[in-house]
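# What the coordinates show
Chain residues, written in single-letter form:
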Amino acid sequence: QEELVESGGGSVQAGGSLRLSCKVSRYRYMRHVGWFRQAPGKEREGIAVIWPTARNTVYANNGEGRFTIAQDDAENAVYLHMNNLKLEDTAMYYCAAGRAWYDLSPRSFDYWGHGTQVTVSS
């Protein structure tokens, strides 16, 4: 079964925007839902996380204020709004969810989507 399914990736020009979507099958079971990315040759890095019940969010600084995480309870979905995309944002973006929180690293996330590719070009 697919716990999380990402969509919304694609190829965009630098300066453009994308909204990534994550449909969460057991939305109310998950305590927190977040977004990660991994570029070739680099470690997987957390971007942001949201606790849908409390509507709290935590951001890493790798988005430089250009990314916003949001939720839609009616759709059982979590989104990542990405603005002013840069070449260095090119990566595979993953949605992840978990129930035990440690920090914005993979250890806090037990469930992962397959990823959606974001490619930013000049």
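The following paragraphs examine the structure supplied in this document. Please read these numbers as outputs of a predicted model, since none were measured by experiment.

Cut-offs and rules
Residues numbered from 1 in each chain as written. Predicted model: local features only at pLDDT ≥ 70, side-chain atom pairs only at ≥ 80, totals over all residues. Heavy atoms only, no water. Core = buried A, V, L, I, M, F, W, Y, C linked by side-chain atoms within 4.5 Å. Buried < 20%, exposed > 50% of the residue type's maximum accessible area, 1.4 Å probe, protein only. Helix = DSSP H or I, 4+ residues; strand = E, 2+ residues; numbered from the N terminus. Phe/Tyr/Trp six-rings, centres within 6.5 Å; stacked < 30°, edge-to-face > 60°. Lys NZ or Arg CZ within 6 Å of the ring centre and 35° of its normal.

### A short note on the nonpolar core
- Counting 26 residues, the largest nonpolar core has Val33, Trp35, Leu80, Met82 and Tyr93 as its most contacted members.
- Mapped onto this core, the elements with two or more residues apiece are β3 (18–24), β4 (32–38), β5 (45–51), β7 (67–72), β8 (77–82), β9 (91–98) and β11 (116–121).
- Listed in part, the six residues of the second largest apolar core include Val49, Trp51, Leu104 and Phe109.

### Focus: the packing of aromatic side chains
- Inspection of every chain in the model, using the stated rule, returns six aromatic pairs.
- When the ring of Tyr94 is compared with that of Trp112, the centres are 6.4 Å apart and the planes differ by 75°; the resulting orientation is edge-to-face. Taken together, the positions of Tyr94 in strand β9 and Trp112 in strand β10 (residues 111–112) put the pair 18 residues apart, joining distant regions of the chain.
- With a relative accessible area of 26%, Trp112 lands in the partly exposed category.
- When the ring of Trp101 is compared with that of Phe109, the centres are 6.2 Å apart and the planes differ by 85°; the resulting orientation is edge-to-face.
- Residue classification places Trp101 among the partly exposed positions, given a relative accessible area of 32%.
- Chaining the aromatic ring pairs together yields one cluster made of Phe36, Trp51, Tyr94, Trp101, Phe109 and Trp112.
- The ring of Tyr29 carries the charged tip of Arg26 above its face, separated from the ring centre by 4.5 Å.

Geometric descriptors of this kind do not, in isolation, establish any biological role.
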